Amino acid sequence: TTMTISKTTKHFLYGLLLRLILLIALPALMDDGLLLPAGVRYTDIDYDVFTDAAAHVAEGRSPYRRHTYRYTPFLAALLSLPMGGGRQFERVSLIWSVVLSTKYFGKILFCMADAICGYIILILRARSRKQRSNNNDVQDDQPKQHNSIIEKCIAQHIN
């Protein structure tokens with residue numbers, strides 16, 4: 001038996017791979033002063049806020065001790081996972097050491113979450129198209145389905 005991958009899943013995986021490559025390449029080229037002048041960074045300042053708050057959590061303090069941190073403490077706790085002393089990650093492969101490094105862990109986490117949200121949107125759009133196609137195939141004697149809020153409001157005022 002051969003496993004087939006849907007077109008949507010292929011696009012998701014290609015997009016995720018491209019994001020992960022750019023996630024490492026762009027900051028390495030730009031933040032280290034190779035492409036951008038010194039002092040200009042590719043990485044957003046909010047990422048520094050996230051990682052500083054995560055460091056506070058790893059040290060047992062509140063993430064809100066980081067000035068301008070106004071996000072959920074769960075995010076700071078999640079980003080503090082690779083900061084738990086570092087000893088548990090000593091014997092990992094090179095790839096895992098990059099993934100679990102404090103420099104890239106949060107970036108990879110955000111990248112994955114963003115890609116998964118995009119994948120969910122693609123799936124929901126495909127379902128919506130399929131439902132719309134099925135609704136168009138329904139006999140004319142059945143009342144028309146109103147999909148948008150505006151269509152529903154107009155239909156209520158007309159009827």
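In case you missed it, the structure is sitting above this.
One numbering rule holds for all chains: residues counted from 1, following each sequence as written. For a predicted model such as this one, the threshold for reporting local features is a pLDDT of at least 70, and the threshold for listing and counting side-chain atom pairs is 80 or more; totals across whole chains, interfaces and linings nevertheless cover every residue. With hydrogens and water stripped out, all remaining heavy atoms of the structure feed into the side-chain values.

Another point: the pattern of salt bridges. The working definition used for a salt bridge is a side-chain nitrogen of Lys or Arg within 4 Å of a carboxyl oxygen of Asp or Glu. Counted by the stated rule, this structure contains three salt bridges. As a salt-bridge pair, Asp114 and Arg19 come within 2.3 Å of each other at their nearest N and O atoms. Of this pair, Asp114 sits in helix α5 (residues 105-136) while Arg19 sits in helix α1 (residues 7-30); the two residues are 95 residues apart in sequence, bridging distant segments of the chain. Exposure is judged per residue with a 1.4 Å probe applied to protein chains only, and the accessible area is read against the type maximum: over 50% gives exposed, under 20% gives buried, and values in between give partly exposed. Note on Asp114: relative accessible area 40%, which makes it partly exposed. Its salt-bridge partner being Glu59, residue Arg61 comes within 2.8 Å of it at the nearest N-O pair. Secondary structure elements follow DSSP: runs of H or I no shorter than four residues count as helices, runs of E no shorter than two count as strands, and numbering proceeds from the N terminus.

Let's shift gears to the packing of aromatic side chains. By convention, a stacked pair of Phe, Tyr or Trp rings (six-membered ring in the case of Trp) has centres within 6.5 Å and planes under 30 degrees apart, an edge-to-face pair has planes over 60 apart, and any other such pair is tilted. Tallied over the full model, the rule gives six aromatic pairs. Relative to Tyr69, the ring of Tyr64 has its centre 5.6 Å away and its plane inclined at 55°; by these criteria the two rings are tilted. Tyr64 sits in the partly exposed class, given a relative accessible area of 43%. Overall, Tyr69 belongs to the buried group, its relative accessible area being 5%. Within the aromatic cluster, the residues linked to one another by ring pairs are Tyr47, Phe50, Tyr64, Tyr69, Tyr71 and Phe110.

A separate point is the nonpolar core. In this structure, Tyr47, Val49, Phe50, Ala53, Ala54, Tyr69, Leu75, Ala76, Leu79 and Phe105 together form the largest nonpolar core, which totals ten residues. Among the elements of the structure, α2 (45-58) and α3 (73-79) are those that each provide at least two residues to this core. Counting residues per element, this core draws most heavily on α2, at five residues. We call two residues in contact when some of their heavy atoms are within 4.5 Å. Non-local contacts of Tyr47, meaning those with residues more than four positions away in its chain, are made with Thr102, Lys103, Tyr104, Phe105, Gly106, Lys107 and Phe110. We define the nonpolar core as a collection of buried residues of types Ala, Val, Leu, Ile, Met, Phe, Trp, Tyr and Cys that are connected through side-chain atoms lying within 4.5 Å of one another.

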